[in-house]
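Chain by chain, the residues:
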Amino acid sequence: MRHLLTWSQWSDSEIQDLVDFAAHVKGHRTFYNGAMLGRSIAMLFQKTSTRTRVSFEAALTEMGGHAIYIDWMSSNFELTDISFESKYLSRNVSLIVARMKRHEDLEQIARGSEVPVVNGCCNLYHPCQSLADMLTIKLDAGKLEGVSMCYVGVHNNVVNSLIEITAALGVHLVLVTPLTNEGARIDSVIERGMKAGTLTWEKDMSQAVKNVDYVYTDTWVDMEFFHDPAFQEEKESRMKLMLPYQLNHDALRFSKAKVMHDMPIHAGFEISRQLVEDSRSIIFQQAENRLDAQKAVILRLLDRHG
Ligand code: CP
């Protein structure tokens, strides 16, 4: 049985095929209406979400099925072995989406499940986001192979999935990452990027953004820590260290790159409000494409793509 926990379980050609399929789904919005008729998926969230929840839920509605939202705190997952709960869940639904704080717990869910499990973002990976990112570039540039992207910010879960997916698709990824989240540097992920020859690092942001097609940034603080009083000192110190790496008009004055961000946006921190609203920003197309990417993942994992 197929899961989407990280891209490491997917070959380059399977990933290429999935991105092509997502583009097809986007171009045929009503074609898959009814593809999930009479079927449900479960969406388990241990952390907050706007896009991941909405895109999966809307995807199911459009395809004639139903998405059951399960809030971690008001479910019984916390009271028992996670794999027992996911085994039960999988006897009611066709697929499970889980947003977990720890990747190990996501793996527990997959261990118990008798249906495909999709990672809705954990501490180490965000594959669904990276699929929408690549779909966005494919639709914008008309191709992926040979396109270049610079990610400026903290090396986090989004970066890991970007390294893996760009390696599979031949997209050059330059990382300007003065900070790395705890445990986020994963040797096997780096190896995939290095082996593909798509991954490089650059210290100087102005050099790095000069000749790339896309620049991408993300929050400097993961969502579960944003309002955590115990993380406030670390948050302050991160803000000071990272402010010179803010994406704004000045930082991009010698660059023609289009601007991406996976949202939620913290305007005035990792990116300026002016740049979010600038004509070079494709951030809202990128967020919109989560819907089509999610549909493609569901249909592919359930083998309902016709
Ligand atoms: N980008 C993303 O996953 O958004 P949410 O956290 O709002 O789901």
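For the structure itself, consult the block above.
An account of the accompanying structure is given in this report. (Residues numbered from 1 in each chain as written. Predicted model: local features only at pLDDT ≥ 70, side-chain atom pairs only at ≥ 80, totals over all residues. Heavy atoms only, no water.)

## Notes on the sheet that holds strand S2 (residues 66-71)
- Taken in spatial order, the four strands of this open sheet run S2-S1-S3-S4, and their pairing is parallel. Only two strands of the sheet have a single partner each, and these edge strands are S2 and strand S4 (117-119). Averaged over all pairs of adjacent strands, the angle between strand axes in this sheet comes to 20°, irrespective of strand direction.
- The pairing of strand S3 (residues 95-99) with S4 spans three bridges and is parallel. Within S4, the position partnered with alanine 98 by the bridge is asparagine 119.
- Lying on the sheet, helix H4 (residues 103-112) is in contact with strand S1 (40-45), S3 and S4; it crosses S4 at an angle near 165°. (Pairing = 2+ DSSP bridges. Helix = DSSP H or I, 4+ residues; strand = E, 2+ residues; numbered from the N terminus. Axes fitted to C-alpha atoms, helices over the stretch in contact; angles between N-to-C directions. Contact = heavy atoms within 4.5 Å.)

## Remarks on the sheet that holds strand S7 (residues 199-201)
- The strand order across the open sheet formed by five strands is S7-S6-S5-S8-S9, and the pairing between neighbours is parallel. Across the chains shown, the open sheet's two edge strands, defined by having one partner strand only, are S7 and strand S9 (258-261). Strand-to-strand twist of the sheet, defined as the mean angle between neighbouring strand axes without regard to direction, takes the value 25°.
- One ladder, built from four bridges, connects strand S8 (residues 214-217) with S9; its direction is parallel. Counted as the bridge partner of valine 215 is valine 259 from S9.
- Strands strand S5 (148-155), S8 and S9 of the sheet are contacted by helix H5 (residues 127-141), whose axis makes an angle of about 155° with S8.

## Details of the pattern of salt bridges
- Evaluated as defined, the whole model comprises 17 salt bridges.
- Of the charged contacts in the structure, one is a salt bridge between lysine 26 and aspartate 292, with a shortest N-O distance of 3.1 Å. One end of the pair, lysine 26, is in helix H1 (residues 12-27); the other, aspartate 292, is in helix H11 (residues 283-301), and 266 residues separate them in sequence.
- Exposure remark for aspartate 292: the relative accessible area of 3% places this residue in the buried category.
- With a shortest N-O distance of 3.7 Å, glutamate 277 and arginine 273 are connected by a salt bridge.
- Take glutamate 277: its relative accessible area is 59%, and that puts it in the exposed class.
- Look at arginine 273 and you get exposed, because its relative accessible area is 53%.
- Each of Lys26, Glu288 and Asp292 takes part in salt bridges that share partners, so that together they form one network. (Salt bridge = Lys/Arg side-chain N within 4 Å of Asp/Glu carboxyl O. Buried < 20%, exposed > 50% of the residue type's maximum accessible area, 1.4 Å probe, protein only.)

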